[in-house]
Amino acid sequence: MNDATLVHGLIIDDDPDTRRLVRRALESAFPGIRVGEITDEASFSAALQRGAPDFVITDLDLHWADGLIVYMRVRDRFPFCAVVMFTATGDQDKAVEAMKTGLDDYVVKRRDHQYTRLIASLRVAMERRQQKRALEVTNDNLLAAVEEKNVLLDELYHRLSNTLQLIIALNTLAGERVGDPACRSVLQGINDRIHALAALQERLYRTKDLSKVEFGSHLQALAESMVQTQRPRISLSVEAERVDLPVSTAIPLTLLANEFIANAVKHAFPENRAGTISVVFRRESGALVLRVADDGVGFDRRPPSDSMGMHLARRLSAQIKAALEFPQAAAGTTVALRIPFAS
Amino acid sequence: MTSLMDGRGTAQPRFRVLVVEDDVLIADLLVMAVKDAGAEVIGVADTGAAALSLADMARPDLAVLDVKLAGPPDGIIVGQVLSTSHGSLLVFVTGSGDPATRSRIDALRPFGFLQKPFRLQQLVDLILDARRRQGSLLGSCT
């Protein structure tokens, strides 16, 4: 505490001589100090109503109240006010107890040097309370900043979800108005891609870590929503290892998985026939492998290589430096993507 | 429950749905799903107050509710009133992912909850399920 700043304190003691001597010691230690003397409940309540004092010096033994209660009331109302007990020898045990609940210090009334010790103790206590206050203010500011960030993030996420839904509504409404089935299928394909990206977005938001995302469970949920809601006669098996991926990989990989699964759903099982789609995602010797296989109508039904799906598959696998493979399968079609991955 | 004749000449009980959504294009999409599920749209409300007065007149079997509406009451409060005074089933659609909203919705034990953006088919399936449960969809549809 800088002695140049005006200090304001209270002395609570029944004995007028003690109050006078303490006041004298304070006035010489802290030039310009304002000291209030508390002698009864009325003056104590009035002091509590006024602004926070920098310190309170109180006796434990008071004719008008229990000194411990007086201490508690000060501490409760002014958490950053230094409180030091100035007590008779017999009260030491009680003072020690009070220390455990946040009393800054106690000084025993003796003949020699008691005021010097009281002033020294007061300086330390005030310094500590000031630091505590500064820390609390910093802490409050930080909490407020975090809270504000969370509110903004929620708001942004809400806007984003609504906007994506709006884009899907626009595509769907446009689809209702075009008669051409090929055109409608293109619009539906765009909606599916938006859904796949939105699902990734939601997962990112929910994990509160906006830089990486656990891809395995995302892939599983994506596959289920694509196959089960649209084609209940196709059975789906998913074996997806839990792997955290950076967003920069997760976004293109989401679109790639969407293309592979959508391709199987749309083309492998014509006329609503039954079948199985299996999705595997796992680490295999220094690489991540995504494999989508079906037991449907086979290789020759694959769309021409200039289709949108094939175009996306080639471009996006190049972006994540992945190898795109179409291994020969006994039945149906298999597509595999090998992504370099250092675990 | 009232009945009407469907195209095949058999009596199907009507299933009446109220749509509460203040974004008109998304409301159009919700209406499309309700119709795809063979249910009847008794009205589209863009505020909570409009929803409550529509419901008083038409007593919906089910309400599809957006949560955030312009001004109080929000969709959750509307849903609570519809559920207690008309016994309507509730399906919430919301873009909000925050846990407080989510737990308010869960407390109402809604028939369904869809996070925006949802697939049209998801909503159609929910309404078909609700119709089966109310007995307004006769036989199996799949």
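Procedures and definitions
- Residues numbered from 1 in each chain as written.
- Chains lettered and ligands numbered in written order.
- Predicted model: local features only at pLDDT ≥ 70, side-chain atom pairs only at ≥ 80, totals over all residues.
- Heavy atoms only, no water.
- Core = buried A, V, L, I, M, F, W, Y, C linked by side-chain atoms within 4.5 Å.
- Buried < 20%, exposed > 50% of the residue type's maximum accessible area, 1.4 Å probe, protein only.
- Helix = DSSP H or I, 4+ residues; strand = E, 2+ residues; numbered from the N terminus.
- Contact = heavy atoms within 4.5 Å.
- Buried area = accessible area lost by both parts, 1.4 Å probe.
- Salt bridge = Lys/Arg side-chain N within 4 Å of Asp/Glu carboxyl O.
- Pairing = 2+ DSSP bridges.
- Axes fitted to C-alpha atoms, helices over the stretch in contact; angles between N-to-C directions.
- Expected span 1.5 Å × (residues − 1).
- Arc of directions from axis to C-beta.
- 1 Å grid on protein atoms, 1.4 Å probe; cavity = no way out; pocket = protein on both sides within 12 Å on 5 of 7 lines; lining within 4 Å.
- Points joined across faces, edges and corners; volume = space filled by probe spheres on them.
- Nonpolar A, V, L, I, M, F, W, Y, C, P; charged D, E, K, R; others polar.
- Phe/Tyr/Trp six-rings, centres within 6.5 Å; stacked < 30°, edge-to-face > 60°.

What follows concerns the nonpolar core. Residues and elements named next belong to chain A. Of all hydrophobic cores here, the largest spans 41 residues; its most connected members are Leu 253, Ile 277, Phe 281, Leu 290 and Leu 337. Within the residue set of this core, elements represented by two or more residues are α6 (181-207), α7 (215-227), β7 (234-240), α8 (247-267), β9 (275-284), β10 (287-294), α9 (308-319) and β12 (334-340). In contact with Leu 290, other than residues within four places in its own chain, are Leu 219, Leu 253, Ala 257, Phe 260, Val 279, Val 280, Phe 281, Val 335, Ala 336 and Leu 337.

Taken together, the contacts link 20 residues of chain B with 24 residues of chain A. Contact between chain B and chain A buries roughly 1,900 Å² in total, counting both sides, with carbon and sulfur atoms accounting for 64%. Per-residue buried area on chain B facing chain A is highest for B:Leu25, B:Pro117 and B:Arg119; these three make up 35% of the total on that side. One can count two salt bridges joining chain B with chain A. Here B:Arg119 makes a salt bridge to A:Asp192, at a shortest N to O gap of 3.1 Å.

Before going further, it helps to examine the sheet that holds β10(A). Residue and element names in this part refer to chain A. Within the open sheet, the five strands sit side by side as β7-β9-β10-β12-β11. Their pairing is mixed. Two strands lie at the open edges of the sheet, namely β7 and β11 (323-325), each paired on one side alone. The average undirected angle you get between the axes of adjacent strands in this sheet is 10°. Along the sheet, α8 contacts β7, β9, β10, β11 and β12; its crossing angle with β10, the most-contacted strand, is approximately 20°.

Attention now goes to the sheet that holds strand β5 (residues 62-66) of chain B. Residue and element names in this part refer to chain B. Strands sit in the order β4-β3-β5-β6-β7 across an open sheet of five strands; the sheet is parallel. Of all strands in the sheet, those bounded by a partner on one side alone are β4 (40-45) and β7 (112-115). Ignoring which end each strand starts from, the neighbouring axes of this sheet average 15° apart. As paired elements, strand β6 (residues 89-94) and β7 share four bridges and run parallel to each other.

All names here are of chain A. In this structure the tally under the stated criterion is 31 salt bridges over all chains. The shortest N-O distance in the salt bridge between Asp 17 and Arg 20 comes to 3.1 Å. Of this pair, Asp 17 and Arg 20 both sit in helix α1 (residues 16-29), three residues apart, which is roughly one turn of that helix. When the shortest N-O distance is used, the salt bridge between Glu 176 and Arg 184 registers 3.6 Å. The class of Glu 176 is partly exposed, set by a relative accessible area of 43%. Using a relative accessible area of 37% as the deciding quantity, one classes Arg 184 as partly exposed. Through salt bridges that share partners, Glu 239, Arg 282, Glu 284, Arg 291, Glu 325 and Arg 338 make up one connected network.

What follows is about unusual backbone geometry. Cis geometry is adopted by the peptide bond preceding B:Pro117, which originates at B:Lys116 and carries an omega value of -5°. Checked against the element boundaries, B:Pro117 lands in the loop between β7 and α5 (120-134). Even without being glycine, A:Ser285 reaches a positive phi, approximately 35°. If you trace the backbone, A:Ser285 turns up in the loop between β9 and β10. A residue is classified by how much of its surface remains accessible, and A:Ser285, at 76% relative accessible area, is exposed. Although it is not a glycine, A:Lys321 adopts a positive phi angle of roughly 55°. Note on placement: A:Lys321 falls in the loop between α9 and β11. By relative accessible area, A:Lys321 is classed as exposed at 64%.

Think of an α-helix as turning once every 3.6 residues; residues three or four places apart then point the same way. Residues and elements named next belong to chain A. Between its first and last C-alpha, α1 extends 20 Å over 14 residues, near the 20 Å set by a 1.5 Å rise per residue. Among the residues of α1, those classed as buried are Thr 18, Arg 19, Val 22, Ala 25, Leu 26 and Ala 29. In a view along the axis of α1, the buried residues occupy a sector of 135°, so they form one face of it. Along α1, exposed side chains directed more than 90 degrees from the buried face belong to Arg 24 and Ser 28. Buried positions along α1 lie against β1 (8-12), β2 (34-38), β3 (55-58), β4 (82-87) and α5 (114-177).

This part is about empty space enclosed by the protein. Residues and elements named next belong to chain A. Counting across every chain of the model gives two cavities of 30 Å³ or more. Roughly 30 Å³ of volume is contained in the second largest cavity. What lines the second largest cavity is simply Asp 192, Met 226, Gln 230, Ala 262, Val 265 and Lys 266. When residues in the lining of the second largest cavity are grouped by element, the largest group, three residues, is from α8. Considering only residue class, the lining of the second largest cavity consists of three nonpolar, one polar and two charged.

Moving on: the packing of aromatic side chains. Residues and elements named next belong to chain A. Counted under the stated rule, the structure contains four aromatic pairs over all chains. With centroids separated by 5.9 Å and ring planes inclined at 55°, the aromatic side chains of Phe 86 and Tyr 115 adopt a geometry described as tilted. Linking Phe 86 in strand β4 with Tyr 115 in helix α5, this pair joins segments that are 29 residues apart in sequence. An identical accessibility class is assigned to Phe 86 and Tyr 115; each is buried. Both rings, one in Tyr 157 and one in Tyr 205, keep their centres 3.8 Å apart while their planes meet at 5°; by these two values the pair is stacked. Taken together, the positions of Tyr 157 in helix α5 and Tyr 205 in helix α6 put the pair 48 residues apart, joining distant regions of the chain.

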